[in-house]
Amino acid sequence: VQTTLENLCDVLRRHGMQPTLEGAPTAEIRGVATLEEAGPGDVTFLSNPKYEKLLQSTRGSAIVLKPGVAAPGGRNLIRVAEPYAAITVLIVELHGYRRHRPLPEPQHVQIAPSARIGRNPTIHPGVTIDADVVIGDDCIIYPGCYIGPNCRIGDRLLLYPNVVIYDGTQIGHRVTIHAGTVVANDGLGYAQVNGAWVKIPQIGIVEIADDVEIGSNCSIDRATLGRTKIGKGTKLSNLIAIGHGAHVGEHCMLVAQVGLAGSVSVGHHVTLAGQAGVVGHIRIGDGATVAAQAGVTNSVADGETVLGSPAIPIRDMRKSMVLARRLPELNETIRRLEKQVAELQAQLNGNPPAGS
Amino acid sequence: VQTTLENLCDVLRRHGMQPTLEGAPTAEIRGVATLEEAGPGDVTFLSNPKYEKLLQSTRGSAIVLKPGVAAPGGRNLIRVAEPYAAITVLIVELHGYRRHRPLPEPQHVQIAPSARIGRNPTIHPGVTIDADVVIGDDCIIYPGCYIGPNCRIGDRLLLYPNVVIYDGTQIGHRVTIHAGTVVANDGLGYAQVNGAWVKIPQIGIVEIADDVEIGSNCSIDRATLGRTKIGKGTKLSNLIAIGHGAHVGEHCMLVAQVGLAGSVSVGHHVTLAGQAGVVGHIRIGDGATVAAQAGVTNSVADGETVLGSPAIPIRDMRKSMVLARRLPELNETIRRLEKQVAELQAQLNGNPPAGS
Amino acid sequence: VQTTLENLCDVLRRHGMQPTLEGAPTAEIRGVATLEEAGPGDVTFLSNPKYEKLLQSTRGSAIVLKPGVAAPGGRNLIRVAEPYAAITVLIVELHGYRRHRPLPEPQHVQIAPSARIGRNPTIHPGVTIDADVVIGDDCIIYPGCYIGPNCRIGDRLLLYPNVVIYDGTQIGHRVTIHAGTVVANDGLGYAQVNGAWVKIPQIGIVEIADDVEIGSNCSIDRATLGRTKIGKGTKLSNLIAIGHGAHVGEHCMLVAQVGLAGSVSVGHHVTLAGQAGVVGHIRIGDGATVAAQAGVTNSVADGETVLGSPAIPIRDMRKSMVLARRLPELNETIRRLEKQVAELQAQLNGNPPAGS
């Protein structure tokens with residue numbers, strides 16, 4: 001797509017933004033790039049002040065930035081209150097989402113006769129769809145994916161290569177799953193009998209709501225009984241482990257390598273930062289934030305931010321950390337007090353200090 | 001399967017349990033479900049006291065629970081000392097283990113002419129079995145699996161989709177591996193030569209004993225020399241990393257995202273909780289427990305429980321944590337002491353306190 | 001390969017080492033094994049002093065070890081300053097690198113007509129190579145791999161089974177990727193609009209330089225804009241998450257389960273130990289070392305070693321840890337001081353101690 005700065009400002013206005021253009025309205029724009037990589041024909045942006053010095057050197061044809069930020073003269077500037085939100089709109093406008101190659105009739109795929117697939121499917125070779133699966137319209141399924149018996153899936157499913165979905169999984173509309181992710185494998189369900197682990201059949205399922213996107217190489221256990229749930233609009237990054245029977249609410253964000261143990265309940269609009277872990281059978285409240293690498297061992301209140309391992313609310317942590325950093329100072333104070341007390345005792349008793 | 005409460009009590013007795021039935025012996029039961037999800041025809045259970053309030057609202061036809069726990073009137077109850085063990089038996093009785101679809105003669109599979117496969121195989125399309133592989137009877141291998149040259153595998157192998165087993169791996173009987181797991185890839189074996197990493201051929205193998213089950217998306221390095229071993233009856237969850245040359249003993253339980261560095265030796269009946277990590281060349285003793293997110297840097301004695309990063313025995317940790325939590329209090333005590341000492345000095349000297 | 005100790009010493013000399021042979025120059029050697037597993041015909045080695053007692057029991061025909069280390073009589077010994085470097089050379093000499101089965105013309109593969117593949121390819125069944133891909137000479141691609149549109153790849157690519165490479169990825173020469181790894185999937189790029197996450201098209205790419213090796217089941221995000229980069233000669237272990245736009249320098253070593261957030265910049269010759277995590281938008285300096293499980297929240301200077309979560313330089317950590325361990329002692333000192341001060345006050349006032 002090729003367009004002009006003027007047109008791009010119109011696009012932003014249609015999205016409820018109020019851009020101010022400084023420079024040439026007819027400058028031609030073909031793409032979006034970072035400050036470092038932008039060249040002629042690219043619009044770029046400054047959102048994180050850390051990168052402000054790159055304004056000097058960027059070769060892009062226009063820069064999206066906040067009102068009031070100093071910029072070198074002679075540049076085309078689009079000033080807008082939220083540059084990152086604006087650039088998001090411009091990326092969609094200029095580049096769009098990934099286009100998936102249309103395919104002829106499915107070939108070299110294994111689709112069970114009892115499976116029912118909606119209109120306009122794009123199913124690559126090497127896909128297996130097992131008995132009694134139901135899939136909605138407009139699915140795109142890349143090579144090497146496996147969908148087990150009795151899965152029920154909505155419209156606009158997008159599976160990247162080598163995704164595996166075990167039997168009985170229920171998936172809503174507009175769900176995207178990236179390569180290598182496994183949904184609804186058996187969890188760690190065993191009973192100990194005479195010193196050996198005996199497997200408990202894992203008869204529960206996984207339920208994934210509408211508009212969920214899941215990254216690559218994640219593992220989501222099926223429930224032992226009942227359901228493991230991922231709520232509407234929730235986004236998972238890569239290498240995330242979701243334990244059996246965990247329930248994650250709507251519009252959450254789980255960063256890479258997060259692990260939830262079994263039967264955890266996560267509210268809506270929760271953020272779990274990278275490598276955070278949560279023990280079983282506790283609740284993370286709505287709107288809570290769990291810091292990177294935190295180890296959550298107790299339920300977290302709505303809106304609370306916790307960090308550390310074991311995790312504690314951020315306000316308590318700050319207090320403890322300040323004190324922990326002051327340990328050397330405390331240590332010196334104690335030594336000084338000891339000496340003073342010994343001296344006082346000596347003065348009072350007319351004796352040399354005890355123990356010295 | 002449809003049966004009665006009376007029959008289910010007989011099943012429990014055959015497993016050495018002593019259930020007491022309160023209610024209708026002929027009540028019909030078709031399945032097992034959680035307290036929340038159970039409906040007519042389901043038997044449910046109370047094991048974790050946290051869920052006791054759900055006894056009031058469950059719609060299940062019968063509840064398995066401990067003797068002495070209060071329950072609403074008019075319910076069918078099976079009282080038994082270990083409700084979770086009992087419900088495990090009932091899940092097996094009523095639901096059984098996953099049934100795998102029988103297949104016709106293997107089609108669209110790549111089996112090397114030199115491979116030998118036992119009786120009654122179920123091999124899905126898209127499987128590759130490389131040269132000189134030997135597999136026992138009754139294997140089930142889902143689509144997209146790869147078994148490299150010279151692997152030796154026992155009876156009743158169960159591989160879910162897209163499992164990859166590199167060359168030379170030795171696997172016992174009744175081993176199950178979930179989707180996406182990789183066994184015997186090269187570990188991080190390099191020597192530094194003039195500032196660059198030079199690869200060391202990884203000529204060791206992986207040996208997996210009988211009755212092991214491995215979760216999805218795990219990575220188990222082959223040994224550089226010798227063997228990486230997973231002992232009989234040990235169970236691994238998902239996204240676990242086992243380093244080259246690590247030896248894990250019998251009947252262990254490794255929770256999701258655990259990482260063992262190279263040449264770690266883990267005894268038998270060890271539990272490693274989620275996201276725990278162990279540095280190389282140390283030993284975790286028999287029956288030891290490593291807490292979630294623990295970072296184990298020293299060998300752990302038999303039966304010891306360790307936690308924290310770096311991990312310390314739980315009894316030491318408790319002492320330190322109590323003190324760490326009391327840091328604010330200690331800080332105040334020190335301030336008070338300082339003041340008192342200054343006052344005492346002033347009194348003794350007839351001077352104003354020094355430093356104030 | 002069968003050879004003699006004398007010949008092996010010559011091999012070491014050709015690699016610039018200065019071995020001294022004690023024992024029979026004509027002893028026949030066929031392989032390398034660990035002290036525990038070596039038998040007749042094997043050369044073994046002692047590098048880590050922890051295993052010194054195994055010198056007594058090993059059944060190997062020769063031992064590589066340092067000058068001066070005591071060894072039982074009657075053994076063939078090769079003494080050399082760096083036994084591990086020497087044994088690496090001997091492994092290559094005696095065992096070589098993995099040999100990959102040659103294949104006939106590619107069969108059952110899906111190669112887009114617009115893809116261009118160099119000379120002498122080994123492409124297994126079940127591989128998909130999408131539109132406009134360019135691959136150099138001598139590639140080896142195992143079953144179940146997927147290479148998306150517009151990828152540009154150099155010579156001697158080695159992909160183990162089920163590797164997935166998304167569209168537009170650029171890969172240098174002699175790159176090896178182990179099974180199940182996913183390169184250039186979309187990262188966690190969303191903008192929050194009215195309480196829901198809206199996807200930002202991820203139009204950046206991944207660039208992997210020459211001589212990189214990546215372990216199994218890793219996930220490397222494509223950049224939102226620009227590039228995610230893995231530098232020349234860098235080696236990754238398994239289950240590693242690299243965030244969108246992260247740049248990893250040359251000759252680094254990333255151990256299993258490391259996670260880098262988006263836009264991290266890692267210098268050259270950096271070591272990140274197992275399960276370490278790094279927050280976004282910071283820099284890890286050249287030659288720095290990040291300890292296992294460290295959580296890095298601030299930039300790290302060149303050559304610095306950091307540990308802990310949040311990570312601090314090792315010299316500061318040692319000080320804090322010593323004090324943290326002395327907390328119980330500090331606590332007792334404070335209690336004693338309190339008592340002494342109360343006594344002093346009582347003595348001064350002729351009154352019983354206040355508050356007791």
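Look above for the structure.
Quick caveat: nothing in here was measured; it's all calculated off a predicted structure. (Residues numbered from 1 in each chain as written. Chains lettered and ligands numbered in written order. Predicted model: local features only at pLDDT ≥ 70, side-chain atom pairs only at ≥ 80, totals over all residues. Heavy atoms only, no water.)

## Remarks on the interface of chain C and chain B
So, step 1. Contacts between chain C and chain B engage 58 residues on the former and 68 residues on the latter.
So, step 2. Where chain C packs against chain B, one counts six salt bridges.
So, step 3. The residue Arg98 of chain C makes a salt bridge to Asp186 of chain B at a minimum N-O spacing of 2.8 Å.
So, step 4. Put simply, the parts of the chain that give the side of chain C that touches chain B at least two residues each are helix 2 (83–94), strand 27 (235–236), strand 30 (253–254) and helix 4 (327–349) of chain C.
So, step 5. Among the elements that make up the side of chain C that touches chain B, the one with the highest residue count is helix 4 of chain C (twelve residues).
So, step 6. When the residues that make up the side of chain C that touches chain B are grouped by side-chain class, the tally is 29 nonpolar, 21 polar and eight charged. (Contact = heavy atoms within 4.5 Å. Salt bridge = Lys/Arg side-chain N within 4 Å of Asp/Glu carboxyl O. Helix = DSSP H or I, 4+ residues; strand = E, 2+ residues; numbered from the N terminus. Nonpolar A, V, L, I, M, F, W, Y, C, P; charged D, E, K, R; others polar.)

## Looking at the relation of the copies chain A and chain C
So, step 1. Of the two same-sequence chains, chain A is brought onto chain C (RMSD 0.3 Å, axial shift 0.1 Å) by a rotation of 120°. In symmetry terms, the pair is related by a three-fold rotation axis. (Least-squares fit on C-alpha atoms with pLDDT ≥ 70 in both.)

## Let's talk about helix 1 (residues 5–14) of chain A
Residues and elements named next belong to chain A.
So, step 1. Within helix 1, the full set of buried residues consists of Leu5, Leu8, Cys9, Val11 and Leu12. Viewed along the axis of helix 1, the buried residues span an arc of 155°, placing them on a single side of the element.
So, step 2. Where helix 1 is buried, its residues contact strand 1 (3–4), strand 2 (20–22), strand 3 (28–29), strand 6 (62–65), strand 7 (77–79) and helix 3 (83–94).
So, step 3. Positioned one or two residues after helix 1, Gly16 has a phi angle of 85°, which is positive. (Buried < 20%, exposed > 50% of the residue type's maximum accessible area, 1.4 Å probe, protein only. Arc of directions from axis to C-beta.)

## Thoughts on the pattern of salt bridges
So, step 1. In the structure shown here, the tally under the stated rule is 54 salt bridges over all chains.
So, step 2. The partner of Arg227 of chain A in a salt bridge is Glu37 of chain B, and the shortest N-O contact between them spans 3.8 Å. With Arg227 of chain A in strand 26 (residues 227–230) and Glu37 of chain B in the loop between strand 4 (31–32) and strand 5 (42–45), this residue pair bridges two chains.
So, step 3. Using a relative accessible area of 24% as the deciding quantity, one classes Arg227 of chain A as partly exposed.
So, step 4. Its relative accessible area of 36% is what places Glu37 of chain B among the partly exposed residues.
So, step 5. The closest approach of N and O atoms between Glu22 of chain B and Arg79 of chain B, which form a salt bridge, is 2.8 Å. One end of the pair, Glu22 of chain B, is in strand 2 (residues 20–22); the other, Arg79 of chain B, is in strand 7 (residues 77–79), with 57 residues separating them in the sequence.

## Comments concerning the sheet that holds strand 7 of chain B
Strand pairing within a sheet occurs via backbone hydrogen bonds; the two strands may be parallel or antiparallel.
Residues and elements named next belong to chain B.
So, step 1. With mixed pairing, five strands are arranged side by side in an open sheet as 2-7-6-5-4. Lying at the two open borders of the sheet, with one neighbouring strand each, are strand 2 and strand 4.
So, step 2. Here strand 5 pairs with strand 6 (residues 62–65) via three bridges, running parallel. Each bridged residue has a counterpart across the sheet, and for Phe45 the counterpart in strand 6 is Val64. (Pairing = 2+ DSSP bridges.)

## Brief notes about the environment of Pro19 of chain B
All names here are of chain B.
So, step 1. Of note, Pro19 is situated in the loop between helix 1 (5–14) and strand 2.
So, step 2. Relative accessible area serves as the criterion here: at 8%, Pro19 is assigned to the buried category.
So, step 3. Here the alpha-carbon distance between Pro19 and Pro67, two residues 48 residues apart in the chain, equals 9.3 Å.
So, step 4. Those residues in contact with Pro19, other than ones at most four positions away along the chain, are Cys9, Leu12, Arg13, Ile78, Arg79 and Val80.

## Some thoughts on the pairing of strand 26 of chain A
Residues and elements named next belong to chain A.
So, step 1. Residues Thr228 and Ile230 line the buried face of strand 26, whereas the alternating positions Arg227 and Lys229 sit on a face that is not buried.
So, step 2. Sheet analysis places strand 23 (residues 205–208) next to strand 26, joined by four bridges and oriented parallel. Bridging across to strand 26, Ile208 finds its partner in Ile230.
So, step 3. Relative to strand 29 (residues 247–248), strand 26 is paired through two bridges, and the arrangement is parallel.

## Here's the deal with the sheet that holds strand 32 (residues 265–266) of chain A
All names here are of chain A.
So, step 1. Strand order in the open sheet formed by nine strands is 9-12-15-18-23-26-29-32-35, and the pairing between neighbours is parallel. Looking at strand neighbours, the two that pair on one side only are strand 9 (116–117) and strand 35 (283–284), the edges of this open sheet.
So, step 2. Here strand 12 (residues 134–135) runs beside strand 15 (residues 152–153); their pairing, made up of two bridges, is parallel. By the bridge assignment, Ile135 is partnered in strand 15 with Ile153.

## Some remarks on the interface of chain A and chain C
So, step 1. Chain A puts 58 residues into the contact, and the matching count from chain C is 68 residues.
So, step 2. Where chain A packs against chain C, one counts six salt bridges.
So, step 3. Taken together, chain A and chain C are joined by 31 residue pairs in polar contact (both at pLDDT 80 or more).
So, step 4. Looking at the side of chain A that touches chain C, the elements that each hand over two or more residues are helix 3, strand 27 (235–236), strand 30 (253–254) and helix 5 (327–349) of chain A.
So, step 5. Per element, the largest residue contribution to the side of chain A that touches chain C is twelve residues, and it comes from helix 5 of chain A.
So, step 6. When its residues are assigned to classes, the side of chain A that touches chain C shows 29 nonpolar, 21 polar and eight charged. (Polar contact = N/O pair within 3.5 Å; in protein donor to acceptor, adjacent residues only side chain to side chain.)

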